[in-house]
Amino acid sequence: MSDKNILLVEGESDRGLLEALCKKWHIPVGQVKVCTPRDAGHAKNSKQAVWAVLPIYLAQLADGQIEKLALVVDADSPPNGGFDRTLSQLQPRLAAHGYTLATPRAQPGLYFMHNDGLPEVGAWVMPNNTDTGMVEDWLKNCLHADEADLMRYAQQAIASLPGGPKFKALHRSKADIATWLAWQAQPGHGLYHAVQPGLLDDNAPLLVALHGWLVQIFAAKPSQTTTTQGGVP
C-alpha cells in the first residue's frame, strides 16, 4: 500500500469500510493508504483527532513526502456537529496552510486548492457533504433494494426495545446498521462487510458520488476531470 497517497479517516470502522470500497472499485492496488489519527501518533481516534493530525499530513504534502491527501469525516449532529460546523472547523485549518475551498464543480465531494499550486486536498463530510449524519447514514442510503425489508425490520426492533434504547439518539443510525449487519449470513462483522456482493446498490447516487470523488483525488491525473456515470463497477 502506497505511503504517498493518504486518505485520513476518524477510526478503524471507517478504515475498514474505505479499504473495502477501494478494493471493490479497483482503485489500483497500493494506490491509497487509509490512515487514522493513531497512525500519525495521536493517542486516540476521533474527528477532533483528525483535526489535530491534519497539519502533519499537510506539511508532508508541502515538502513532497506524500503526493495526495484527502479526508473523510462525519458531519455528526448539532449542537456540537453538523455539516456547517464541521466545515467551519476544517476550513481555517486548511487556510492556515494556504488552501481555500474551490468553486463547486461537476465532481462530487469537496476540493481545496492551494494558492501556490500544491496538490489539492479532498474532503468528504459524511453522509453527503450537506446534511447532518455519519458514515452509517451514507450506508443506509446506499442499500440494495433487496435489503430494504430487513433494514425496516431492524429499525422496528430497535424502536420497540424494552425500556427504550440505551444509546444516544444521535447514534441511531449506528444501531440500525449494526443490527442489519448482525442479521446477515455472516453476522458480527464491521462496516466493511456491507461491501459484500448484493448488499449495496451500485447505482445509488451517494455510492456513485463517493466513487467519483475517490477516483478524482487518487486515480486521476491532477489536471484530469473524471465523471462517473451509470453506476460503479
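Everything below is about the structure printed above this text.
A short tour of the structure in this document, coming up. (Residues numbered from 1 in each chain as written. Predicted model: local features only at pLDDT ≥ 70, side-chain atom pairs only at ≥ 80, totals over all residues. Heavy atoms only, no water.)

### Description of the overall build of the chain
Stated formally: In DSSP terms, a helix is any run of H or I states spanning at least four residues, a strand is any run of E spanning at least two, and both are numbered starting from the N terminus. Throughout, the radius of gyration refers to the C-alpha atoms, and the reference size of a globule is 2.2 Å times the residue count to the power 0.38. Think of it in three bands: with a 1.4 Å probe and only protein chains considered, a residue is buried below 20% of the maximum accessible area for its type, exposed above 50%, and partly exposed in between. Pairs of residues are marked as contacts when any of their non-hydrogen atoms sit within 4.5 Å. Note on areas: these come from Shrake-Rupley sampling with a 1.4 Å probe, and a residue is covered only by the protein chains present in the view.
The helix and strand tally for the chain stands at seven helices and six strands. Listing every helix and strand of the chain by position from the N terminus yields β-α-β-α-β-α-β-β-β-α-α-α-α. Computed over its C-alpha atoms, the radius of gyration of the chain comes to 18 Å, within 12% of the 17 Å expected for a compact globule of 233 residues. Across its three principal directions, the C-alpha atoms of the chain cover 55 × 35 × 30 Å. Burial analysis of the chain (233 residues in total) assigns 47% to the buried set. For the chain, long-range pairs separated by at least 24 residues make up 64% of all intrachain contacts whose partners lie at least 6 apart in sequence. Summed over its atoms, the accessible surface of the chain is roughly 11300 Å², and 52% of this surface lies on carbon and sulfur atoms.

### Things to note about the packing of aromatic side chains
Cut-off, in case you're wondering: Pairing of aromatic side chains requires ring centres within 6.5 Å, counting the rings of Phe and Tyr and the six-membered ring of Trp. Pairs whose planes differ by under 30 degrees are stacked, by over 60 edge-to-face, and all others tilted.
This model, assessed by the stated rule, comprises two aromatic pairs. Here the aromatic rings of W124 and W213 are separated by 5.9 Å at their centres, their planes lie at 55°, and the arrangement is tilted. Highlighted residues: W124 in strand 6 (residues 121-126) and W213 in helix 7 (residues 205-219), separated in sequence by 89 residues. Neither residue differs from the other here; W124 and W213 are each classed as buried. Taken together, a centroid distance of 5.6 Å and an interplanar angle of 50° make the contact between Y153 and W183 tilted. With Y153 in helix 5 (residues 148-159) and W183 in the loop between helix 6 (172-182) and helix 7, this residue pair connects regions lying 30 residues apart in the sequence.

### Details of unusual backbone geometry
Here the bond from P78 into P79 is cis, since omega is 5°, no more than 30 degrees from zero. When you line up the elements, P79 lands in the loop between strand 3 (68-74) and helix 3 (83-95). Not every positive phi belongs to a glycine, and H26 is a case in point at roughly 60°. Within the secondary structure layout, H26 lies in the loop between helix 1 (12-24) and strand 2 (33-35). Phi is positive for N129, close to 60°, though the residue is something other than glycine.

### A few points about the pattern of salt bridges
A side chain of one charge can pair with a side chain of the opposite charge if their charged atoms are brought near each other. Worth spelling out the cut-off: A carboxyl oxygen of Asp or Glu within 4 Å of a side-chain nitrogen of Lys or Arg is what we treat as a salt bridge.
Summed over all chains, the structure comprises nine salt bridges. A salt bridge links K47 to D76; the shortest N-O distance between them is 3.1 Å. Taken together, the residues span a long stretch of sequence, with K47 in helix 2 (residues 47-62) and D76 in the loop between strand 3 and helix 3 at a distance of 29 residues. Assessed through its relative accessible area of 7%, K47 is described here as buried. Look at the salt bridges and you will find they share partners, linking E12, R15 and D39 into a network.

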